[in-house]
Amino acid sequence: GEIQLTGDKANIGEGVLQYCYKGNWSPFCSLDESVATVVCRQLGFVEYDSVSIFTDGRFNPLASNTSLFENFTCSGEQAHVSLSDCNLADSCQSTCLNAIGIRCSVSANCEEGAVRLKDGDITQEGRIEVCANNIWGSICGDGFDFSDAYVVCKELGLGVSEPTVYTNSYFGDGNVPIVYSNMGCRGYENTVLECTKQEFGTFTCSRDKVAGVTCQDGCEEGTTRLVGGREDTEGTVEICY
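Conventions we followed
Residues numbered from 1 in each chain as written. Predicted model: local features only at pLDDT ≥ 70, side-chain atom pairs only at ≥ 80, totals over all residues. Heavy atoms only, no water. Helix = DSSP H or I, 4+ residues; strand = E, 2+ residues; numbered from the N terminus. Buried < 20%, exposed > 50% of the residue type's maximum accessible area, 1.4 Å probe, protein only. Contact = heavy atoms within 4.5 Å. Areas by Shrake-Rupley, 256 points an atom, 1.4 Å probe, with all protein chains shown as cover. Pairing = 2+ DSSP bridges.

*Asks:* Now, about the overall build of the protein: what can you tell me, with residues and values included?
*Replies:* Of the regular secondary structure elements, the protein holds two helices and 18 strands. Based on the C-alpha atoms only, the size of the protein along its principal axes is roughly 70 × 35 × 30 Å. Among the 241 residues that make up the protein, the fraction classed as buried is 45%. Partitioning the intrachain contacts of the protein with sequence separation of at least 6 by distance along the chain shows that 67% fall at a separation of at least 24. Of the roughly 12300 Å² that the protein leaves accessible, carbon and sulfur atoms contribute 44%.

Structure below.
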């Protein structure tokens with residue numbers, strides 16, 4: 001019934017998840033958000049329910065990928081503080097491409113509703129991350145469209161021209177949990193917080209669908225610039241059209 005994380009950052013809630021099953025440590029091949037939330041509580045990360053789940057082997061691609069059990073199911077209720085409160089299906093073993101890793105959430109000391117762009121080549125682009133309940137999280141690309149991106153760019157003060165929308169983790173999926181999905185911005189909102197949306201625990205979203213954006217500055221027709229270079233004399237040529 002014990003669980004553990006393996007890896008260099010296991011002490012801060014990040015690593016390959018293992019469960020002690022009949023005296024042997026076993027990886028997970030199946031894990032949903034409700035079970036992952038209970039796992040983090042059992043590990044002592046009880047302040048936040050949002051958790052990141054990774055299936056790409058980023059913490060240890062050489063870890064065993066054969067689980068000695070099928071899966072757990074939990075309701076995600078606050079009363080559940082360990083996997084012993086959940087249901088275990090162990091009628092068969094399971095094999096996966098990579099053992100599942102998780103990252104439990106800790107306080108980011110961020111301002112509620114603040115937005116930032118990460119891992120872009122220029123200031124105006126990147127993966128969208130928003131401060132939700134004092135942690136940084138990303139937005140699922142499901143339902144994310146021009147109106148949503150427009151509000152993001154407006155909140156950041158990065159131009160009000162038509163933005164470019166990405167819904168396929170174009171700027172990577174990062175390591176924060178996906179906290180919002182099916183954004184319903186209409187374009188008149190000033191912040192993401194004002195938009196309708198689904199919040200963590202009420203949707204499923206794979207990490208290859210994280211939303212990103214390139215905000216467009218207003219410009220004078222025919223002017224050119226260099227972007228993404230290390231010096232002022234190099235970069236990709238862009239022309240205002």
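From this point, the discussion proceeds with the structure in view.
*Asks:* Summarise helix α1 (residues 33–42); cite the residues concerned and give the values.
*Replies:* Helical periodicity: at 3.6 residues per turn, an α-helix aligns residues three or four positions apart in one direction. Counting buried residues along α1, eight of its 10 residues qualify, which places the element largely inside the surrounding structure. Residues of α1 that are buried include every one of S34, V35, A36, T37, V38, V39, C40 and R41, and no others. Where the residues of α1 are buried, they touch β1 (3–6), β2 (14–21), β4 (51–54), β6 (71–73) and β9 (101–104). Backbone geometry just downstream of α1 places G44 in the positive-phi region, at approximately 105°.

*Asks:* Help me get a handle on unusual backbone geometry, residues and values and all.
*Replies:* A positive phi angle, near 55°, is found at S169, a position not held by glycine. The backbone of N182 sits at a positive phi, close to 50°, despite the residue not being glycine. Among the secondary structure elements, N182 is positioned in the loop between β14 (178–181) and β15 (198–199).

*Asks:* Help me get a handle on the pairing of β9, residues and values and all.
*Replies:* Relative to β9, β2 runs antiparallel, the two sharing three bridges. Along β9, the bridge assignment pairs G15 with I102. Examined bridge by bridge, β4 and β9 share four bridges and lie antiparallel to one another. Considered in β9, the bridge of F54 is made with G101.

*Asks:* Kindly report on the pairing of strand β16 (residues 212–216), identifying the contributing residues and their values.
*Replies:* Side-chain positions along a regular strand alternate between the two faces of the sheet. Summarising burial for β16: four of the five residues are buried, a large majority. Relative to β16, strand β11 (residues 125–132) runs antiparallel, the two sharing three bridges. Each bridged residue has a counterpart across the sheet, and for R127 the counterpart in β16 is G212. In terms of strand pairing, strand β13 (residues 161–166) meets β16 through four bridges, oriented antiparallel. Following the sheet pairing, Y166 is matched in β16 by G212.

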